[in-house]
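Overview (structure and organization)
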Amino acid sequence: MVLKVFFPSCCSLADSGILIGRWISEQNSAVILAVVHFPFIPVQVKQYLGEVQRVTKVGVSVLGSWSNSKQEKEESLSEFLEDLGTIFCHEPWIQISKEGDSKFWSCSTLRKHSKNPPEEEIILVYYDQRKVMLSHLHPPLDTAGQRAEDASKLSAIFDTVARSQVLFMTDRYDEGPIKLTHWQSDGVEASIIVELMKQASVPACMLLTFLLSLLSGICRSRVLKFWPLSFLWSKLSTCEQLGHRLQHLQIISSNKKAQNQNQLMRKANIFVSLLIDVALGILLMSWLYRKNRIGHLADTLIPVADHVAEELQDLLQWLMGAPAGLKMNRALDQVLGRFFLYHIHLWISYIHLLSPFIEMILWYVGLSACLGLTVALCILSDIIALLTFHIYCFYVYGARLYCLKIYGLSSLWRLFRGKKWNVLRQRVDSCSYDLDQLFIGTLLFTILLFLLPTTALYYLVFTLLRLLVVIVQGLIHLLVDLIDSLPLYSLILRICRSYRLAAGVKFRVLEQQDGKPLRLLMQINPLSYRGVVQMYRLPTYSCYPRDSWASLCKKLFLGELIYPWKHKGEKQN
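Residues numbered from 1 in each chain as written. Predicted model: local features only at pLDDT ≥ 70, side-chain atom pairs only at ≥ 80, totals over all residues. Heavy atoms only, no water.

On to the pairing of strand S13 (residues 518-526). Where strand S7 (residues 121-127) meets S13, 5 bridges bridge the pair, whose relative direction is parallel. Pairing of tyrosine 127 across the sheet is with methionine 522, part of S13. From the end of strand S12 (residues 501-511) to the start of S13, which pair antiparallel, there are 6 residues, and glycine 515 there has a positive phi angle of about 85°. (Pairing = 2+ DSSP bridges. Helix = DSSP H or I, 4+ residues; strand = E, 2+ residues; numbered from the N terminus.)

Before going further, it helps to spend a moment on a nonpolar patch on the surface. A cluster of nonpolar side chains, namely Phe357, Met360, Ile361, Trp363, Tyr364 and Leu367, defines an oily patch on the protein surface of about 610 Å² accessible area. Looking at where tyrosine 364 falls in the secondary structure, it is placed in helix H11 (residues 358-367). (Patch = residues over 30% accessible without salt bridge, like charges linked within 9 Å, V, L, I, M, F, W, Y side chains within 5 Å. Areas by Shrake-Rupley, 256 points an atom, 1.4 Å probe, with all protein chains shown as cover. Salt bridge = Lys/Arg side-chain N within 4 Å of Asp/Glu carboxyl O.)

What follows deals with the UniProt feature "transmembrane region" (unreviewed entry) in the chain. According to UniProt, the feature "transmembrane region" (unreviewed entry) maps to residues 200-219, 270-289, 335-354, 361-388, 394-416, 437-461 and 467-492 in the numbering used here. From the first C-alpha to the last, residues 335-354 spans 29 Å; its make-up is 100% helix and 0% strand. Regarding residues 437-461, the helix share stands at 100% and the strand share at 0%, and the terminal C-alpha atoms are separated by 35 Å. (UniProt positions renumbered as here; feature names shortened; annotations may be inferred.)

Viewed as axis vectors pointing N to C, helix H9 (residues 293-319) and helix H10 (residues 330-354) meet at an angle of 170°, and their least axial separation amounts to 10 Å. Classified by the angle their axes make, H9 and H10 are roughly antiparallel. Along the contact surface, H9 presents Ile302, Ala305, Asp306, Ala309, Leu312, Gln313, Leu316, Gln317 and Leu319, while H10 presents Asp333, Gly337, Phe340, Leu341, Ile344, Ile348, Ile351 and His352. Considered class by class, the residues forming the contact of H9 with H10 number 11 nonpolar, 4 polar and 2 charged. (Axes fitted to C-alpha atoms, helices over the stretch in contact; angles between N-to-C directions. Parallel < 35°, antiparallel > 145°, perpendicular 65-115°, else oblique. Contact = heavy atoms within 4.5 Å. Nonpolar A, V, L, I, M, F, W, Y, C, P; charged D, E, K, R; others polar.)

Summed over all chains, the structure comprises 3 salt bridges. With a closest N to O distance of 3.1 Å, aspartate 277 and arginine 245 form a salt bridge. Of the two residues, aspartate 277 is situated in helix H8 (residues 261-288) and arginine 245 in helix H7 (residues 237-253); the sequence distance between them amounts to 32 residues. The exposure class assigned to aspartate 277 is buried, which follows from its relative accessible area of 0%. For arginine 245, the salt bridge is made with aspartate 484, and the minimal N-O distance between the two is 2.8 Å. Taken as a pair, arginine 245 in helix H7 and aspartate 484 in helix H14 (residues 435-485) lie far apart in primary sequence, 239 residues in all. On the accessibility criterion, aspartate 484 (0% relative accessible area) is buried. What emerges from the salt-bridge pattern is a single network uniting Arg245, Asp277 and Asp484. (Buried < 20%, exposed > 50% of the residue type's maximum accessible area, 1.4 Å probe, protein only.)

The geometry of an aromatic ring pair is captured by the separation of the ring centres together with the interplanar angle, meaning the angle of the planes. Enumeration over the complete set of coordinates arrives at 15 aromatic pairs. Taken together, a centroid distance of 5.6 Å and an interplanar angle of 85° make the contact between tyrosine 289 and tryptophan 363 edge-to-face. Separated by 74 residues along the polypeptide, tyrosine 289 in the loop between H8 and H9 and tryptophan 363 in helix H11 bring together distant segments of the chain. Judged by relative accessible area, which is 27%, tyrosine 289 ranks as partly exposed. Take tryptophan 363: its relative accessible area is 40%, and that puts it in the partly exposed class. Chaining the aromatic ring pairs together yields one cluster made of Phe339, Phe340, Phe394, Tyr397, Tyr458 and Phe462. The ring centre of tyrosine 529 lies 4.5 Å from the NZ or CZ of arginine 494, which sits over that ring. (Phe/Tyr/Trp six-rings, centres within 6.5 Å; stacked < 30°, edge-to-face > 60°. Lys NZ or Arg CZ within 6 Å of the ring centre and 35° of its normal.)

Dropping the structure here:
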């Protein structure tokens, strides 16, 4: 039978006394939490342990005795420590002693109430009490069988130390009748700055909660649910990002206490993400307003828009001729080309009409960077969408015309085979057609078939242009999602204090000798960086379509519209 004793390394130099901890009978293990020094009164020790049990809900008791022979050399000490077992009545009574300057330790058990005590193999495991208490154990997600049982055993040990935090609030400078040795014996670990921030955060959170509730009430008002405003709110990524950040602020400023470690880490990740986002936005704003960069950007924007329009005009002139030596339908080619050229003319007029106000618009847009870098990136995405609206219109016109011809040809092809589409049953059924229907169907099929190459060429060109804009917007939104979802606090914690995110433990052999207890050192294995991101990743507001290449090619062939992203609650066409 193996008895495991988990001993805190901070108590290895403590004066002689009694061991306080929790006995886990299911694992035949003892978790030592502190050492009570002499002199003490047993009744006061029992009262103190009763108060600790009432507060922490942990079965803390006196488990045995600790003898440091370097400090105490009286021969009667060992007999006195054995007699304490009759006062506190714990079975088994654990006796740990250190042999002077030797590195060897002795550990034995005493069972007074059993006539034939079984022979026990004792394993003495040292652990860092501070790291175990401050760490949060993350068992593997795919635990099964023996791994799940081992994870539950470790969780019991980590939970015992974490829930006994009240026991560690007394240090050796307290004037009470009981003197303890634990990881905070030299003084409670605290920070004056942290305590002042905690006191100041209460009124700040109350004020922020009131302002956010007022703002959220305005956002939920019926005025914003009417068609123009609701349409803009659902389509502009800036509005979506502002709503997303508003939810984050409500979570941070909530006075509701976190129920578990995961909720606490989520709040901390949101706070750090918001803080870094605003800091990067302020840096961007300070860079924009230096050396009149806003004016230079406004002066560059109009020539760039004119150059893009000229390139589109040249492209349409090329398509209206004989592109790549292809023979197009002359009449349809001229109609489509002039139609798109007229739209470009309208677009150029629209840009020049706004040219006097572009610098002022950019100046006010630059101020929005103080709300965060993600808000500035979303505004940039919306500006790109507005500046390329004519390309989007060309794509929609070409896609709808191409889609109409594809579906028309497929329907007429079923007519040749004596089939038709049953709308009610959503299937293809047999059908008999007369001669007139077949003749008209043949004429329409021939016309659509010969007009298809011209339409397909325009559709292909404008689809490529649209995909280029979609890729740029997609990269911007990927950067926004990266800033929104990356658990920065957890990653910083993983770099600076990796023991706070524990994935498990490992044991290193310190001493192994016949007749002596096996001494092990328990070390914490931190979570991997990938595990930290997967476990604490924050949700984002946009859902990128997870279409396969086959699905994307099918949509392109059938002329279905492609959007750079789809928001929650929307279905992609």
